[in-house]
Amino acid sequence: LADFIMYSDILKIDEQTIDDLFERLKSYFLCDMLKISFNELKFRQLIDLQTKIKTVNDMIFVPLEVVHDLKQKDVLQLSAFDCLRFALHSKDELERITNLFKTIEYKPTADEVKAGINTISHGFFGTVDWYARRMGITNHDEVVELKWTRIYECLKRDFYNNKFERNYRKVIEQNNKK
């Protein structure tokens, strides 16, 4: 990997070239040492993956550190192929997880938008705080150590329950107008 990074710096490999390389890597298997289900990650790890990746180098090093607890000096000893394949796997998994959360994202009404709901965003902390309050947990650190899938499932249940309640209120309002 160290040689790959050196040559990518010397040759000024751009983002498009990396994307093309990732596209070619999709048909190759992930080595056994790096196989892991991202469904097993803790919420803290998911937050780290979402917030710490800012550069192409981060895309290689951060997932290996966060998911496999490998330090940069250890990662540099691995093959570039395996590291890049894991970076691609991480990218695909993060997109999958992000899309799952987007499907249960709250869709505000026109009145809520008019009132300014779009100016309110609490990010990951808001999710952690919501879950802690929902489950009666006083320490947010306990929440981030849970599997992200557990938090997602509770969010999903609340999303569908709230959607039902909103629809039910509309039905009741319509019936009362008759």
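What counts and what doesn't
- Along each chain, residue indices are assigned from 1 in the same order as the chain's sequence is written.
- Residue-level local features of this predicted model are given only where pLDDT is at least 70; pairs of side-chain atoms are given and counted only at 80 or more, and the full residue set underlies all totals for whole chains, interfaces and linings.
- To get the side-chain values, all heavy atoms of the structure are used, and hydrogens and water are removed first.
- Only protein chains enter the accessibility calculation, which uses a 1.4 Å probe; a residue whose area is less than 20% of its type maximum is buried, one above 50% is exposed, and one in between is partly exposed.
- In DSSP terms, a helix is any run of H or I states spanning at least four residues, a strand is any run of E spanning at least two, and both are numbered starting from the N terminus.
- Any two residues whose heavy atoms approach within 4.5 Å are treated as being in contact.
- With a 1 Å grid laid over protein atoms only, a set of points is called a cavity when a 1.4 Å probe fits there but cannot get out and a pocket when it is open yet has protein on both sides within 12 Å along at least five of seven lines; lining residues have an atom within 4 Å of a point.
- Grid points are joined across faces, edges and corners, and a volume is the space filled by probe spheres set on the points.
- The classification used treats Ala, Val, Leu, Ile, Met, Phe, Trp, Tyr, Cys and Pro as nonpolar, Asp, Glu, Lys and Arg as charged, and all other residues, Gly among them, as polar.
- In protein, a polar contact means a hydrogen-donor-capable atom and an acceptor-capable atom, both N or O and within 3.5 Å, with residues adjacent in sequence counting only if both atoms are side-chain atoms; elsewhere, any N or O pair within 3.5 Å suffices.
- Each helix should span, by expectation, one fewer than its residue count multiplied by 1.5 Å.
- For this analysis, a salt bridge means a side-chain nitrogen from Lys or Arg found within 4 Å of a carboxyl oxygen belonging to Asp or Glu.
- We call a set of buried residues a nonpolar core when its members are Ala, Val, Leu, Ile, Met, Phe, Trp, Tyr or Cys and they connect through side-chain atoms within 4.5 Å of each other.
- All axes here are fitted lines through C-alpha atoms, helices being fitted over the stretch that makes contact, and every angle between N-to-C directions spans 0 to 180 degrees.
- In what follows, roughly perpendicular refers to angles from 65 to 115 degrees, roughly parallel to angles under 35, roughly antiparallel to angles over 145, and oblique to any angle outside these ranges.

Draft legend 1. Examining helix α3 (residues 43–52) more closely. Those residues of α3 not exposed but buried are F43, Q45, L46, I47, D48 and L49. Taken together, the buried residues of α3 touch α4 (56–68), α6 (80–103), α8 (123–135), α9 (140–144) and α10 (148–177).

Draft legend 2. Representation of the layout of surface pockets within the structure. A volume near 1300 Å³ is recorded for the largest pocket. In this structure, the largest pocket is lined by 31 residues; those nearest its centre are I104, E105, Y106, T127 and L155. Of all the elements in the fold, those that place two or more residues in the lining of the largest pocket are α3, α6, α8 and α10. No other element matches the 9 residues that α10 contributes to the lining of the largest pocket. Split by residue class, the lining of the largest pocket holds 13 nonpolar, 10 polar and 8 charged. By volume, the second largest pocket is sized at about 170 Å³. Along its surface, the second largest pocket is lined by L49, Q50, I53, M59, P63, A87, S90, K91, L94, E95 and T98. Looking at the lining of the second largest pocket, the elements that each hand over two or more residues are α3, α4 and α6. Sorting elements by how many residues they give to the lining of the second largest pocket places α6 first, with 6 residues.

Draft legend 3. Examining the environment of R150 more closely. As for its position among the elements, R150 is in helix α10. Taking the C-alpha atoms as reference points, R150 and F43, 107 residues apart in sequence, are found 9.0 Å from one another. Separated by 3.2 Å, the side chains of R150 and Y131 make a polar contact.

Draft legend 4. Up close: α6. Taking 1.5 Å per residue, 24 residues should reach 34 Å; α6 reaches 35 Å between its end C-alpha atoms and fits that length. Every buried residue of α6 is accounted for by A80, C83, L84, R85, F86, A87, L88, H89, S90, E93, L94 and I97.

Draft legend 5. Local environment of the pattern of salt bridges. Overall, the coordinates contain 14 salt bridges when judged by the stated rule. With its nearest N and O atoms 3.1 Å apart, the salt bridge here joins D129 to R133. Linking D129 with R133, this pair stays in helix α8, spanning 4 residues, or about one helical turn. One salt-bridge network, held together by shared partners, links K42, R44 and E145.

Draft legend 6. Molecular detail of the nonpolar core. Counting residues in each nonpolar core, the largest one holds 36 residues, and the members touching the most others are F38, F43, L49, F86, Y131, W148 and I151. Elements supplying a minimum of two residues to this core: α3, α4, α6, α8, α9 and α10. Apart from the residues within four sequence positions on either side, F43 is in contact with F101, F124, T127, V128, V143, V144, L146, K147, W148 and I151.

Draft legend 7. Spatial organisation of the packing of α3 against α8. Where α3 contacts α8, the axes come no closer than 11 Å and their chain directions differ by 170°. Here α8 runs roughly antiparallel to α3, going by the angle between their axes. In this structure, α3 uses F43, I47, Q50 and T51 to contact α8, whose residues at the interface are F124, T127 and V128. Residue classes in the contact of α3 with α8 are distributed as 4 nonpolar, 3 polar and no charged.

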